[in-house]
Amino acid sequence: MAIRNFMKKYLIVGVGILVISLIINQQRLKNKEEILGEKLINEPIKIGAIYDLSGVSADIGKAFLEGTEIALGEINSQGGINGRNIEIIYEDGKDLAAKPSVDAAQKLINVNKVNAILDISYSGLGAMQKLAEDSQTPILDTIDASREIASFGDWVFGVGIHTEGVGRQVAEFAKNELQITSAAILVGKDEYLLASTNSFMEAFENLGGKIVIREEFVIGTTDFRTQLVKIKNSRAEAIFFSHLGEGGYGIKQAAELGFKGYFLGTDPMSIADVSKVAGNALNDKTFFALWRNFDELTDRQKQFAEKYKQKYGKEPGDYMFYNVLGYDGLMVLAEAMQNSELTGKGIKDARYKIQSFDGLSGPITIDETGINRDPKSAIVMYKEGKIVRYK
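Predicted, not measured: the structure shown is a model, and the values here were computed from it.

Engineer: Looking at this structure, how should I read the environment of Asn-76?
Structural biologist: By the element assignment, Asn-76 lies in helix 2 (residues 58–77). Since its relative accessible area comes to 22%, Asn-76 is described here as partly exposed. The spatial distance from the C-alpha of Asn-76 to the C-alpha of Pro-44 is 10.0 Å, given a sequence separation of 32 residues. Within the structure, Asn-76 has its side chain in polar contact with the backbone nitrogen of Ile-86 (distance 2.8 Å).

Spelled out as structure tokens, the structure:
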């Protein structure tokens, strides 16, 4: 009987110890979860940004950075994303070339462990596609949107300038307004430039125009005389010159060689070096697609320009379009993050729900293919050394 009572007491004590141990362990676990949760809340959300900061189009990259920084300040001052601030880690995609951009993406994904990447390097996107898929890290091209980007799968998106739309717009202007029937192509070996050029060619030929010659060059080239002699001899009425800032040299040299036709292009024609080098050779002969609000800002864009001036101590100037695209890129990404659980898949899926987003550059909709299809542009020209709206 005594043994039985002893065993009963022993069992009760053992159960009591077990219960106490479970309670203590549960409390420890709860405390650990609270600490981890608090740590997570205090940790910023990391976003990578690959911009050309030192190459031939560094002015564009720096303008994107400035716009992104203004958006970053607004988001964090309003509580961030679900209470967490955003941190931007910038990497240099020099010359918008593939290798430095892919190297930057690898670092951002594997070392910095970013949640998503903003990018303006069209050339690197194809190679980044597999990196994005394998790591489930969404990549948002903030300067471009094209059929090719749409083909890169679910992890690469484009919310910038609709490449095919711009090429078609310039082709229609050349054929219908300038009454051009023949054109030459001079294009840099860059994926964005090739895509916009191919769009121009397709649309121009569909309208009944003829491409009489096509020449390509390496990015950074400053001597185009060999190609230009061939183009002059082709009797083309215009040159569609697709470049990343080198165009000033080509236009100046074309004028020196006696080319009398028009020069056509897209937004890089507005880069400062173009007018600095080509000078008067641009006037009344150079037409291109540029941001539709470059000379007629909306009220909201005027407010942005004032914020820019307060932050940087200067006017936005000729690169305001790129400031605006840099701003919109982060804002679109933040919207997707706000409506997701901040996993790669969650952010990716939420971006497909971006519909008629109130972007600074205009409404932004990401369609089922992952791109925005707005060229965001109007036809402009050089007149008396200035860029003015055509008519």
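Engineer: Honestly, the layout of surface pockets in this entry has me stumped. Any pointers?
Structural biologist: Empty space among the atoms can be located by rolling a probe the size of a water molecule over them. Approximately 300 Å³ is the volume attributed to the largest pocket. Lining the largest pocket are 14 residues, and of these Leu-290, Phe-294, Gly-317, Asp-318 and Ile-387 sit closest to its centre. For the lining of the largest pocket, the secondary structure elements donating two or more residues are strand 12 (286–291), helix 12 (320–338) and strand 16 (386–389). Its residues assigned to classes, the lining of the largest pocket comprises eight nonpolar, four polar and two charged. Approximately 240 Å³ is the volume found for the second largest pocket. Lining the second largest pocket are 16 residues, and of these Ile-75, Gln-78, Met-331, Ala-334 and Glu-335 lie nearest its centre. Elements with a contribution of two residues or more to the lining of the second largest pocket: helix 2, helix 12 and strand 13 (357–359). Looking at the lining of the second largest pocket element by element, the count peaks at six residues for helix 12. Among the residues forming the lining of the second largest pocket, the class breakdown is seven nonpolar, four polar and five charged.

Engineer: So what exactly am I meant to see when it comes to empty space enclosed by the protein here?
Structural biologist: Enumeration over the complete set of coordinates arrives at two cavities of 30 Å³ or more. Space inside the largest cavity adds up to approximately 110 Å³. For the lining of the largest cavity, the class distribution of residues is nine nonpolar, no polar and three charged. Approximately 40 Å³ is the volume attributed to the second largest cavity. Every residue lining the second largest cavity is listed: Ile-161, Val-166, Thr-266, Asp-267, Ala-289, Leu-290, Trp-291, Phe-321, Pro-375, Lys-376 and Ser-377. Split into classes, the residues belonging to the lining of the second largest cavity amount to seven nonpolar, two polar and two charged.

The rules behind the values
Residues numbered from 1 in each chain as written. Predicted model: local features only at pLDDT ≥ 70, side-chain atom pairs only at ≥ 80, totals over all residues. Heavy atoms only, no water. Helix = DSSP H or I, 4+ residues; strand = E, 2+ residues; numbered from the N terminus. Buried < 20%, exposed > 50% of the residue type's maximum accessible area, 1.4 Å probe, protein only. Polar contact = N/O pair within 3.5 Å; in protein donor to acceptor, adjacent residues only side chain to side chain. 1 Å grid on protein atoms, 1.4 Å probe; cavity = no way out; pocket = protein on both sides within 12 Å on 5 of 7 lines; lining within 4 Å. Points joined across faces, edges and corners; volume = space filled by probe spheres on them. Nonpolar A, V, L, I, M, F, W, Y, C, P; charged D, E, K, R; others polar.

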